[in-house]
Every structure is written in C-alpha cells, then in structure tokens.
Amino acid sequence: MKTWVRRTARVGILSAGFLLAGASMAHASNAVSAGNDGIANGTQVVAPVQVPANVAGNGVGVAGVGLGVNGSSTSVADRAESTNLVSADNKGIGNGTQADIPVQVPANVAGNGVGVAGVGIGVNGSSTAVAHRAESAQESTDMVSAGNMGIGNGTQVNVPIQVPLNVCGNGVGVLGAGIGVSGDCTSVAAAQESAYAPESTNMGSVGNAGILNGTQVYAPIQVPINVCGNGVGVLGLGAGVSGDCTSVADRSESAQESTNMVSAANKGILNGTQANLPIQVPVNVCGNGVGVLGAGIGISGNCGAAAVSNEGGHQGGGYHSMATSTEGAEAAKPAKTANTLPAMASSHGTDMVSAGNSGIANGTQVHAPIQVPVNVAGNGVGVLGVGVGVNGSSTAVAAQH
C-alpha cells in the first residue's frame, strides 16, 4: 500500500504533490486547496452531473382519454475516474473547503397515460435505468486534510450519488379510470471502486489545530427505485399490472483493501472528525393500483430488491498509511502511536485509526454502512371500495462482505 499521507502540517503541499502525481495516470479529478488565509478562501466544488431521462409513451387527456404506449426505455449514466481531494495549510475561517459530488440520475417514467375527468391508460414494455460508477484501476478516492488551523478549515465532502429510477406502467385517471400495464422494470446502481489495484477509499485528517478543522465526510449513496405496475383512479378505478421488478445497488471496493480512516495528531475542539456512510436503499413497491371511493387493483410478478456491499478482499491494516517521514518529531509521533495498536483484520473490511489527538472531541470516526432493501409487493388499495393486490414473489436481500 502506498503511503498517501506522507507529511503533516508543514509539508502538506508535498503530500498533495505526491498524491496527485500518482493519480495523474489514472484519469482522476484532482482538487488541491492549499495555503489559503482569511475567510472562505480556496473553496472547490467538483460536481459532474449525469441525468439521462426517459418519460416514454405519454398521452394526456383532460376531460377525455389519455393513452400512452411505450416499447422499451433505457437510461444509462456511466462514469469512470477517481477522485483526489487535498486541503492543506489553510488558516482562518472556512478555508480550503472541498466538495466532490458526482451525481448520476438515470430515470424512466415509462408507459404514461393521464386522464383527468376521463380515462388514463399507460402501457410499457420494459424499462432499464442504470448508473455505473467505476473508479480508477490504480486508485480510487483519496481525501487528505492536513495542517489546517483556525475554524472550520479543510472540510472535505465526497458524496457520489446514484439514483436510477423506474415508475413503469403508469396510468392516472381522476374522476375516471387509471390503468397502467408494465413489463419488466430494472433499476441498477453499480459503484466499483479500484477493482484491480491496491486501494479504495482513504481518508486522512492529520495535524489540524483549532475548532472543527479537518472534517471529512465520505457518503456514497445508491438509491435504485421501482414503483412498477401503477394505476391510480380517484372516484373511479385504479388498476396496475407489472411483470418483474428488480432494484439492485451494488458497491464493490478494492480487491486488496477497502476503507482506511486515519485521524491523528489533531489538537483543539472537534478536529479530525471523519464519517464514512455508504448508503444503499433499493426499493420496490410492485403491482400497485389505488382506487379511492372505487376499486384499486394491483398485480405484480416477481419483486427483487438487493443491496450488495463487497469490501476489500486481501489486506487491511490502514494504520500502515500513517506518517512515515522522519521530518519533525510531531509527525513521527502518530505513526509510533498507531504501530502500538493491535493488528487489524488481514483479510478485508474497514480500518479506523484515531491516535494522538488532544483537546475536546477530536479524532471522532463514524463508519455506518446502511442497507435498506424494501419490498411492498402486490398492492391494491380501495377506500370505501375494493382493494385487490396480487404478487408473485418478493425477495429483499442485504449482503455485506
């Protein structure tokens, strides 16, 4: 494993140069904010946004009939690169803030068909929404915040967001009938971090002094959503028919290492806080069919919601990435402290090291992988009428390896 935090405080710039030189061959987004003094200087935002969208068949009838027919819809967003954030030697208030927020929102709102005071009919063949984020084959996300002094300096936020969305069959009739028929709906969010090389996510907050300096947040969010068959009729009939609904969130970290969090030698109040929050929320609300003062009929085939998180496969031991330089006694102390810790898992997983912090609430670390697959299958709601829901099978899987 390469040491991605080489120096603290006085040599933060050299660390930045080393990190970026290594990343330049990997088609990375590099953001360096260093040596800023004053208030709110050196702010950097990297926000590549991808929003492929399909609102297919369509058909709107007011006081009449709305008919929408769609063969198939495919919405794909693909992004392949790594991210390096370095914020070093900033002094003052709110300097060196960095935000990397790649957003991918493929969307399908397929069949369609809206009839107000009439009939809305939507027919959809199949819908596929895919967001794929593949980070560099040499390295993935490196976040280094070092040597910041003052208040709220060196804050780093890396929030890759993937929100594939399918609302398939559709068909809304107000004061009439809403009928939605959908084939298969597939929503996939895939994030593959550093599939071949030795690292995935590295967070280092070292040598910060003052108040709320060196805060780091890494929160990859995946929210595939399926609301399949559909069919809403108010004061009338709502019928929704869906084939298979599949919602998948897949996050695969490095084949050799996964997440390394190091917070060391921070002094003051609330410095070196680190939060790693990978969130996966596949959702299926399959058959559907809502009728108020009428009938609501929902029929669904199979519903599958899966959240899979595969962390690094070979070695852990994030404390090896502590400062190894012989320059400065203060820089060497965290490394010595870390080496006295028990050996971490040698196979895979998350490594968290908080060492040599002085003051109040420094070096706080939070690792909270959240997986919430949800199935609310057959469906069929009738208020003061009939509600019928039929579902083939439902499968909700959350797996973390």
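Residues numbered from 1 in each chain as written. Predicted model: local features only at pLDDT ≥ 70, side-chain atom pairs only at ≥ 80, totals over all residues. Heavy atoms only, no water.

A look at the overall build of the protein chain
In terms of helices and strands, the protein chain carries two helices and 44 strands. Relative to its 401 residues, the protein chain shows a buried fraction of 50%. For the protein chain, contacts bridging at least 24 residues in sequence account for 84% of all contacts bridging at least 6. As displayed, the protein chain offers around 14400 Å² of accessible surface, 65% of which is attributable to carbon and sulfur atoms. (Helix = DSSP H or I, 4+ residues; strand = E, 2+ residues; numbered from the N terminus. Buried < 20%, exposed > 50% of the residue type's maximum accessible area, 1.4 Å probe, protein only. Contact = heavy atoms within 4.5 Å. Areas by Shrake-Rupley, 256 points an atom, 1.4 Å probe, with all protein chains shown as cover.)

A look at the pairing of strand 22 (residues 185-192)
The pairing of strand 14 (residues 119-134) with strand 22 spans eight bridges and is classified as parallel. Residue pairing across strands places Thr128 opposite Thr186, the latter belonging to strand 22. Two strands pair when backbone bridges link them, and strand 22 and strand 30 (residues 245-252) are joined in this way by eight bridges, in the parallel orientation. Its bridge partner being in strand 30, Cys185 is matched across the sheet by Cys245. (Pairing = 2+ DSSP bridges.)

Some thoughts on the state of the cysteines
Across all of its chains, the model carries three disulfides by this definition. Sulfur-sulfur distance for the disulfide between Cys168 and Cys185 comes to 1.4 Å. One end of the pair, Cys168, is in the loop between strand 19 (165-166) and strand 20 (172-174); the other, Cys185, is in strand 22, and 17 residues separate them in sequence. For Cys168, a relative accessible area of 1% corresponds to the buried category. (Disulfide = S-S within 2.5 Å.)

Thoughts on the side chain of Arg79
Checked against the element boundaries, Arg79 lands in strand 7 (residues 65-80). Owing to a relative accessible area of 8%, Arg79 belongs among the buried residues under this scheme. If we ignore the near neighbours within four places in the chain, the residues touching Arg79 are Ser29, Pro48, Gln50, Pro102, Gln104, His132, Arg133 and Ala134.

Re the sheet that holds strand 25 (residues 216-218)
The six strands are arranged 3-10-17-25-33-40 in an open sheet whose pairing can be described as parallel. Edge positions in the sheet fall to strand 3 (44-46) and strand 40 (365-367), since each has one partner strand and no second. Sheet twist, expressed as the mean angle between neighbouring strand axes with direction ignored, is 0°. Examined bridge by bridge, strand 33 (residues 274-276) and strand 40 share three bridges and lie parallel to one another. Bridge assignment links Ala275 to a residue of strand 40, and that residue is Val366. (Axes fitted to C-alpha atoms, helices over the stretch in contact; angles between N-to-C directions.)

Things to note about the environment of Asp78
For Asp78, the position within the fold is in strand 7. Separated by 28 residues in sequence, Asp78 and Pro106 have C-alpha atoms that sit 9.9 Å apart. Here Asp78 is in contact with Gln50, Gln104 and His132, once residues within four sequence places are set aside. Within the local environment of Asp78, its side chain forms a polar contact with the side chain of His132, the two groups lying 3.1 Å apart. (Polar contact = N/O pair within 3.5 Å; in protein donor to acceptor, adjacent residues only side chain to side chain.)

Focus: the confidence of the model for the protein chain
The predicted model of the protein chain has a mean per-residue pLDDT of 78, with 78% of residues at 70 or higher. pLDDT under 50 marks residues 313-348. Its contacts with residues more than four places away, or in other chains, come to 69 contacts. (pLDDT = per-residue confidence, 0-100.)

A look at unusual backbone geometry
In this structure, Leu293 is a non-glycine residue whose phi angle is positive, near 55°. Note that Leu293 resides in the loop between strand 36 (290-292) and strand 37 (295-310). Phi is positive for Leu384, which is not a glycine, with a value near 55°. Relative to the assigned elements, Leu384 resides in the loop between strand 43 (381-383) and strand 44 (386-400). A relative accessible area of 76% places Leu384 in the exposed class.

Structural notes on the environment of Gln44
Of note, Gln44 is situated in strand 3. Under the relative-accessibility criterion, Gln44 is labelled partly exposed at 22%. Measuring from C-alpha to C-alpha, the distance between Gln44 and Gln98 comes to 4.8 Å, with 54 residues separating the pair along the chain. When near neighbours in sequence (up to four residues on either side) are disregarded, Gln44 contacts Ala31, Val32, Ser33, Thr97, Gln98 and Ala99.

Some remarks on the sheet that holds strand 41 (residues 370-371)
Taken in spatial order, the six strands make up an open sheet running 4-11-18-26-34-41, and their pairing is parallel. The sheet terminates laterally at strand 4 (49-50) and strand 41, the two strands that pair on one side only.

Let's talk about the side chain of Asn284
Secondary-structure assignment places Asn284 in strand 35 (residues 283-284). Of note is the side chain of Asn284, whose polar atom sits 3.1 Å from the side chain of Asn226. A polar contact of 3.1 Å, which involves the side chain of Asn284, links it to the side chain of Asn375.

With respect to the pairing of strand 8 (residues 82-88)
The element strand 8 is largely enclosed, with a buried count of seven among its seven residues. Where burial is concerned, the two faces of strand 8 agree: the one with Ser82, Asn84, Val86 and Ala88 and the one with Thr83, Leu85 and Ser87 are both buried. Here six bridges tie strand 8 to strand 15 (residues 141-146), and the two strands are oriented parallel to one another. Its bridge partner lying in strand 15, Thr83 is registered against Thr141.

A short note on the environment of Gly240
Checked against the element boundaries, Gly240 lands in strand 29 (residues 237-242). A relative accessible area of 0% places Gly240 in the buried class. In sequence terms Gly240 and Ile297 are 57 residues apart; their C-alpha atoms lie 6.2 Å from each other. Those residues in contact with Gly240, other than ones at most four positions away along the chain, are Gly180, Gly229, Asn230, Gly231, Gly287, Asn288, Gly289, Ile297, Gly298 and Ile299.

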